[in-house]
Amino acid sequence: MDPVDPPPNKSPLRMPPFHFSRDTAILLASLIFLAFAILLAVLFPPSGSELARALTPVAPRVQASAAVVEPVQLETPIPTIQPTDVVLPSTDQQPYPPPAATLPVTAFSLTPEPTPAIVFSPTPELPIPTVASGGAGVAPTAPLAQAPTLAPPPVVQPTPEPPAPTQPVETQPLPPTQPPAPTQPLPPTQPPAPTQPPAPRPTRPPPTATPVPIDIIRTTTYWTLAQSPITLRRDTLVASGAGLIIEPGVEVRIPPGIALYVDGRLYALGQADRPVRFTGASLPRWEGIFGRPGSDIVLEHVEVRGGGAGGTILASDRGGLTIRSSRIVDNGGHVRVSGRGFELRDSEITGNDLPYGAAVEIVYESGGTATLVGNRIGGNRMAFGSPNVRITNLNPNDTVILDVQRNLLVGQDGPNLTLETNGLLQGSIVCNGLIGGSNGLSLRSTLPQAPGLPQLTIRDNAIEKHTPPIIPIYLQRGIGRGATSDVAIDMRGNWWGAAEGPYEPDRHADGRGDAPGDLVQFDPWLTERPSCAPAQ
């Protein structure tokens, strides 16, 4: 027997045949694919933002009512995702940029507890998220049931934190929530013991208004020549019932912006050779002398210079103002009277800068008297169209009595004398020189009267040298407007600048003197200049 031959009693060893079925191949491929997927997940873990984006449900933009989503029964228990307040750190990879408009991202944690029912509340802006079924062995989702609408829970925005080292963080499952222990009833409360009221604390006195610094003269006071010059420190008031008497030759110096107010009486009694002077202590101008209701101001042989910073140098409001033989020159304001009575006699008002109004403005609200005798008013720098003197009666039921005589009123580019009235005027306008400017006498009224103003006498006035209006015949003959009136007035016996009388195209076309208005009666006229009217 050959040693290599098997023994005769034993059969040779045979391997069982190996059958590689189709199911075995699929199982083997699945295991290999699963091992490969696990290897990739370990080598390249996803970042926190990618995980959040992957877990963020995307829902179609449809309007749906609130519904309750029942938990899904799985054949094999798997971890359930539940939102918590834990923020996953970022990884080494650069996160994708956030989408333009997404829902707020909430961190997640893993817990083996079954997921409770989640109630979604629809809003007009955000869609209702839906649950998508994906892996093997997942039971189909139960149909949605209608549920009452609940208020949406507050959304907690995660606080951004700086990126951490790229290490995966394992979160521990949260312990189950224990029900709160039953609370023990509180013992009945005892009524609090009576407390003593707090002791009153001292309170501050109420604040008082800061007094305006002013010097007040409360009794009859004399400013004598021995005290001259007298310089005012601040605004000075002559109180009601008191009087200030200034003797001849006294000079009163008033700093810029300072005024002298009078509630009582102010008598500045100078003489022709020793006038009382009110002058500015320095530039710019001081304010003025202002009489208030019930006051009485008398200025005789007084010189006023350097005042009128606010546009008025002398004023009297429902008081008495008398100016005699005085000079008001080189000021920045006018003289204004409103109320009771006014007397301006033998005085000069010239060389002043008048930003508004007439050089002498007289306004009556309930009647009164206006006396202007022997004054020289002109040569002032006035606003365009402003008159030298304007007298206004605002009350149609009261009468203003005028005494306007022997005044020289030289106009600039406005009337010499303006009368504005809604009521009666009576008295006399006699022997005045109304020279230059746009008009001699201008009478304006909103209350037509018939037969006019019979008690107002206007005669022996020299009306001449007025600027011709822009009308060819007036420009050719050099004829100005001597008088204009809104009501019928009698102006017979006046001088119109020419022996031929005034020019009136319909009634006296042969005249060469200043023209009267249509409602002015002028015939007969004076053929020579009256001697009582002052000349320029």
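Residues numbered from 1 in each chain as written. Predicted model: local features only at pLDDT ≥ 70, side-chain atom pairs only at ≥ 80, totals over all residues. Heavy atoms only, no water.

J.: Which residues make up the nonpolar core, and what values go with them?
T.: Soluble globular proteins: nonpolar side chains tend toward being buried together. In terms of nonpolar packing, the biggest core is built from 67 residues, with Ile246, Phe278, Phe342, Ile391, Leu402, Leu419 and Met491 touching the most fellow members. For Phe342, the contacting residues outside a window of four places in its chain are Leu321, Ile323, Val335, Val337, Val360, Ile362, Tyr364, Thr369, Ala370 and Thr371. (Core = buried A, V, L, I, M, F, W, Y, C linked by side-chain atoms within 4.5 Å. Buried < 20%, exposed > 50% of the residue type's maximum accessible area, 1.4 Å probe, protein only. Contact = heavy atoms within 4.5 Å.)

J.: Explain the pairing of strand β10 (residues 243–246) to me, and be specific about the residues and the numbers.
T.: Pairing of strand β7 (residues 221–223) with β10 involves three bridges; the strand directions are parallel. Directly across from Tyr222, in β10, lies its bridge partner Ile245. The pairing of β10 with strand β13 (residues 265–269) spans four bridges and is parallel. Residue pairing for β13: Ile246 is matched across the bridge by Ala268. (Pairing = 2+ DSSP bridges. Helix = DSSP H or I, 4+ residues; strand = E, 2+ residues; numbered from the N terminus.)

J.: Describe the environment of Asp215, with residues and values.
T.: For Asp215, the position within the fold is in strand β6 (residues 215–217). Separated by 21 residues in sequence, Asp215 and Thr236 place their C-alpha atoms 4.6 Å apart. Residues within four places of Asp215 in sequence aside, it is in contact with Arg233, Arg234, Asp235, Thr236 and Leu237. For Asp215, the side chain forms a polar contact with the side chain of Arg233, separated by 3.4 Å. (Polar contact = N/O pair within 3.5 Å; in protein donor to acceptor, adjacent residues only side chain to side chain.)

J.: Run through a nonpolar patch on the surface, naming residues and quoting values.
T.: Where nonpolar side chains cluster on the molecular surface, the patch consists of Phe36, Leu39, Leu40, Leu43 and Phe44 and spans about 510 Å² of accessible area. Structurally, the position occupied by Leu43 is in helix α1 (residues 22–43). (Patch = residues over 30% accessible without salt bridge, like charges linked within 9 Å, V, L, I, M, F, W, Y side chains within 5 Å. Areas by Shrake-Rupley, 256 points an atom, 1.4 Å probe, with all protein chains shown as cover. Salt bridge = Lys/Arg side-chain N within 4 Å of Asp/Glu carboxyl O.)

J.: Would you mind going over the state of the cysteines in detail, with residue names and values included?
T.: A complete count under the given rule lists one disulfide for this structure. Disulfide pairing places Cys431 opposite Cys532 at an S-S distance of 2.0 Å. When the S-S torsion is -80 degrees, as for the bridge of Cys431 with Cys532, the disulfide is left-handed. Remark: Cys532 occurs in the segment after β40 (520–521) and Cys431 occurs in the loop between β33 (424–430) and β34 (433–435); sequence separation between them is 101 residues. According to the relative accessible area criterion, Cys431 is buried, its value standing at 10%. (Disulfide = S-S within 2.5 Å.)

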